[in-house]
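Residues per chain, in single letters:
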Amino acid sequence: MKTTLRTDITIADICKDFDYNEYEGKGLFGLGGNLVIQPEYQRNYIYADGKKDVAVIQSVLNGYPLGLIYFNTVSEGKFEVLDGQQRITSLGRFLIDKFPITGSNGIPQYFSSLPKDKQELILETKLLIYECEGVESEIKEWFRTINIAGIPLNEQELLNAIYSGTFVTLCKEEFSNSRNSNIQKWSSYLNGDPKRQDYLAMALVWVSKGKVEDYMGRHRYDSDINEIKTYFNTVIDWVSRVFKDVENEMKGLPWGQYYEKYHSQPYSSDYVSERVRALYADPYVKNRKGIFEFILGGETETRLLDVRVFDDATKKIVYEHQTAKAKEEGISNCPYCAIGHDSNRVRIYKLNEMDADHVTAWSKNGATDISNCQMLCKSHNRAKGNK
């Protein structure tokens, strides 16, 4: 791939005829219409937080370097940003008064209200730009490796670059648009930031059953995204139908997997709601995130809840009581060994040779307190399981 270093382009040049789409949160064009600032393989603009965008402007005013910017040469005199779109969009947005910086007097100042000398300093600052020429595979590989913009690309942003096309464009409009009215509902069940492609990443995992790259490759040039939209919304609607109450611990769970495994089973949303509240109130449940799959699976896998075990003090008290009684009766201090017929029938185990066990299993409403505790030898405790 051929690269040419340009040092003659100023901020005024690169922001000439700058176009910004407020709805999409996207810097579109610059350089007098000859530069596509956010081609489809680029991630969304994420600097609009009053910190990173302001830092770009302050760096220019302080004379700090902004780092290298890379253009991909599309045709003679026509370019697209390969790396640097966050910085360029920040510069362009500031020049059209989309956000202020804080002046030395603590008062917010937009570009139009800056002193003339500071305006000229910004406009006349020259940038270091590499113009790159190469075939698509070279450009995409270069994009994957340069990653110098200050915030590393995440995996989905890289995949969007590799498989850029109509499918990614439409998916970003649906799943990465923070103004989408569905975002608030989705945020109850998903972790991350839609602008960083986290919602799109999850939608792809769900619809592809984990084979994301294969799916993106096969659908790269599709002109609709009905399959992924329908599947994603089907999962979300199923979750919200089964679980009437939205809890914080629901965020980020593998709902796509749960849907595939459990959606064919009938659930009473009233009963589910009652059980969720009961388990949330149970002081012995340590893992609230496991409550939802526990209920979906018929409340049999108590390991999902990480139920609190008996503490050492309780174990010691129960052990001493059982041992004293066993010695008095001439039998083993393990109740199961005591009713056996082998040599362990009269064996007295040491405390470290025994485990605490729920007499009535926790899953069958047995409490984790001293009245429901017995000490068993390790072999019998393992054999008893959840009975």
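Computed from a prediction, not measured in an experiment: that's the story for all the values here. (Residues numbered from 1 in each chain as written. Predicted model: local features only at pLDDT ≥ 70, side-chain atom pairs only at ≥ 80, totals over all residues. Heavy atoms only, no water.)

Looking now at the environment of Lys378. By secondary structure assignment, the location of Lys378 is in helix α17 (residues 378-384). Along the backbone, Lys378 and Glu353 are 25 residues apart, and their C-alpha atoms lie at a distance of 6.4 Å. With residues near it in sequence (within four places) discarded, Lys378 still touches Asn352, Glu353, Met354 and Asp355. (Helix = DSSP H or I, 4+ residues; strand = E, 2+ residues; numbered from the N terminus. Contact = heavy atoms within 4.5 Å.)

Tracing the backbone through its elements, the reader meets Glu293 in helix α14 (residues 291-296). Among the residues examined, Glu293 registers a relative accessible area of 17% and is labelled buried. Residues Glu293 and Met202, spaced 91 residues apart in sequence, show a C-alpha to C-alpha distance of 18 Å. With residues up to four places along the chain from it excluded, the contact list for Glu293 reads Tyr258, Lys261, Tyr262 and Leu304. A polar contact of 3.3 Å, which involves the side chain of Glu293, links it to the side chain of Tyr262. (Buried < 20%, exposed > 50% of the residue type's maximum accessible area, 1.4 Å probe, protein only. Polar contact = N/O pair within 3.5 Å; in protein donor to acceptor, adjacent residues only side chain to side chain.)

Where side chains of opposite charge bring their charged atoms close, a pairing between them can arise. As enumerated under the stated definition, the model contains 18 salt bridges in all. Notably, a salt bridge pairs Glu131 with Arg6, separated by 2.3 Å at the nearest N-O pair. With Glu131 in strand β9 (residues 129-133) and Arg6 in strand β1 (residues 2-6), the pair connects residues that are 125 residues apart, well separated along the chain. Residue classification places Glu131 among the buried residues on the basis of a relative accessible area of 13%. (Salt bridge = Lys/Arg side-chain N within 4 Å of Asp/Glu carboxyl O.)

This brings us to the pairing of strand β11 (residues 373-377). Among the 5 residues of β11, 5 are classified as buried, and the element is accordingly described as predominantly covered. Residue alternation in β11 divides its side chains into two sets, Cys373, Met375 and Cys377 and Gln374 and Leu376, and both sets are buried. Where strand β10 (residues 354-358) meets β11, 5 bridges bridge the pair, whose relative direction is antiparallel. Along β11, the bridge assignment pairs Asp357 with Gln374. (Pairing = 2+ DSSP bridges.)

Let's shift gears to the environment of Lys325. Structurally, the position occupied by Lys325 is in helix α15 (residues 312-329). In this structure the C-alpha to C-alpha distance between Lys325 and Arg277, which are 48 residues apart in sequence, comes to 40 Å.

Right, let's get into the pairing of strand β6 (residues 78-83). Here β6 lies mainly inside the structure; 5 of its 6 residues are buried. Judged from the 2 bridges that link them, strand β4 (residues 35-36) and β6 form a sheet pairing that is parallel. Across the sheet, Leu35 pairs through a bridge with Phe79, a residue of β6. Of the pairings in the sheet, the one linking strand β5 (residues 69-75) to β6 comprises 5 bridges and is antiparallel in character. Looking across to β6, one finds that Thr73 is bridged to Phe79.

Before going further, it helps to spend a moment on the confidence of the model for the chain. Keep in mind that low pLDDT regions are not for reading the predicted coordinates in detail. When pLDDT is averaged along the chain, the result is 88, and 92% of the positions lie at 70 or above. No element of the chain has a lower mean pLDDT than helix α5 (residues 136-146), at 67, and none a higher one than helix α11 (residues 226-242), at 97. (pLDDT = per-residue confidence, 0-100.)

If you walk through the whole model with that rule in mind, you get 0 disulfides. Distance from the sulfur of Cys334, which forms no disulfide, to the nearest cysteine sulfur (Cys377) is 3.7 Å. The buried category is assigned to Cys334, whose relative accessible area is 0%. Here Cys337 stays unpaired: no disulfide links it, and the sulfur of Cys377, its closest cysteine neighbor, is 3.8 Å away. (Disulfide = S-S within 2.5 Å.)

The next subject is helix α3 (residues 85-95). Most of α3 is tucked away: 11 of the 11 residues are buried. Turning to α3, its buried residues are Gln85, Gln86, Arg87, Ile88, Thr89, Ser90, Leu91, Gly92, Arg93, Phe94 and Leu95. After α3 finishes, the residue Asp97 shows a positive phi value of roughly 65 degrees.

Right, let's get into the nonpolar core. By size, the foremost hydrophobic cluster in this structure holds 50 residues, and its most contacted members are Ile228, Trp238, Phe243 and Trp255. Listing elements by their share of this core, those giving two or more residues are α7 (166-175), α8 (183-186), α9 (198-208), α10 (212-218), α11, α12 (255-262), α13 (269-281) and α14. The leading source of residues in this core is α11, at 8 residues. In this structure, Ile57, Leu66, Val81 and Leu91 belong to the second largest nonpolar core, which totals 33 residues. (Core = buried A, V, L, I, M, F, W, Y, C linked by side-chain atoms within 4.5 Å.)

At Leu31, a position not held by glycine, the phi torsion is positive, near 55 degrees. Assignment of secondary structure puts Leu31 in the loop between β3 (26-30) and β4. We classify Leu31 as buried; its relative accessible area is 16%. Phi at Glu299 is positive, roughly 60 degrees, even though this residue is not glycine. Inspection of the secondary structure puts Glu299 in the loop between α14 and α15.

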